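Observations on chain architecture
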Amino acid sequence: MEKPMNIVILTGAGVSAESGIDTFRAGTNGQPSLWEQHRIEDVATPEAYARDPDLVLRFYDMRRAAIQTKAPNPAHLALARLDAAWPGHVTIVTQNVDDLHERAGAHGVIHMHGEHLSAWCATCDTRTRWTGPLAGRPPCPACAAPTLRPDIVWFGEIPYRMDDIQAALAGADLFVSIGTSGAVYPAAGFVRLARELGAATLELNLDRSQGSAWFDETRLGPASEVVAAWVDGLLG
Ligand SMILES: [Zn+2]
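Let us look at the structure shown here. (Residues numbered from 1 in each chain as written. Predicted model: local features only at pLDDT ≥ 70, side-chain atom pairs only at ≥ 80, totals over all residues. Heavy atoms only, no water.)

**Topic: the pairing of strand S1 (residues 7–11)**
- Of all 5 residues making up S1, 5 are buried, and the element is well covered by its neighbours.
- In S1, alternate side chains face the same way, and those of Ile7, Ile9 and Thr11 on one face and Val8 and Leu10 on the other are all buried.
- The sheet contact formed by S1 and strand S4 (residues 90–94) spans 5 bridges and is parallel. Paired with valine 8 across the two strands is threonine 91, which belongs to S4.
- Where S1 and strand S9 (residues 174–178) come together, 5 bridges link them in parallel fashion. From the neighbouring strand, isoleucine 9 faces S9, where its bridge partner is valine 176. (Buried < 20%, exposed > 50% of the residue type's maximum accessible area, 1.4 Å probe, protein only. Helix = DSSP H or I, 4+ residues; strand = E, 2+ residues; numbered from the N terminus. Pairing = 2+ DSSP bridges.)

**Concerning helix H9 (residues 223–235)**
- Over its 13 residues, H9 runs 18 Å from end to end, which matches the ideal 18 Å to within 8%, given 1.5 Å per residue.
- Taken together, the buried positions of H9 are occupied by Ala223, Ser224, Val226, Val227, Ala228, Trp230 and Val231.
- Downstream of H9 by a residue or two, glycine 236 has a phi angle that is positive, lying close to 60 degrees. (Expected span 1.5 Å × (residues − 1).)

**Quick notes on the coordination of the zinc ion**
- Those protein atoms acting as donors to the zinc ion are Cys121 (SG), Cys124 (SG), Cys140 (SG) and Cys143 (SG), and they sit at 2.3 Å.
- Every donor counted, the 4 donor atoms about the zinc ion form angles of 108 to 113 degrees at the centre, which fits tetrahedral coordination.
- As a motif over one chain, the donors of the zinc ion read C-x2-C-x15-C-x2-C.
- Residue cysteine 143 is classed as partly exposed on the basis of its relative accessible area, which comes to 33%. (Donors = N, O, S within 2.8 Å, 3.2 Å for Na, K, Ca; no water. Tetrahedral: all angles 85-135°; square planar, octahedral: opposite > 155°, others 65-115°.)

Spatial relationships are all this shows, so hold off on functional conclusions.
See below:
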């Protein structure tokens, strides 16, 4: 029997959008980038946190509460089905900071931009699952210091687990990008790396992206439809 394909899947905002999760919008034509009416540089950078930690903590408290009211959509469910049934390796790398892949049943998801439901202690470097607010400066469960911050990779910070992602790409037979703009590095470079390492490449997206030209094939449509159809085709 032929060796089953190893598949690396990168997911972005387009996968969570259909669950009603608002993500940041890139500014165009001189307009600022906005996230829930906040400018990115006011809430999602280390400088913003240093300048006005209360604003940043309240913003993320709101986001953390909001995602817990949302549910996985058919795209998350299809990827979890693939993760469970595929005979080769499936690695899901996500730019999303919600937990909808996990709630759909996927395992081992790599959150390269961090997670809303995790708090990171700036004093002792411990990460703790966290579902409540941080704005009241609760003590770190490990060291009791009131120095927990959102476990989120802010603009200007280095994404998590890049070594694991590169190792997965090195072993991939197929790289699939779903619902990402192809505009934010380093994720935008994964397709080129995957190609260089010999993987076939497929893009599933609502619209053609900046990175579309790099893919062997692009299938357009809402993630809930194109992802489910792709997974159904693979699993036969
Ligand atoms: Zn601590």
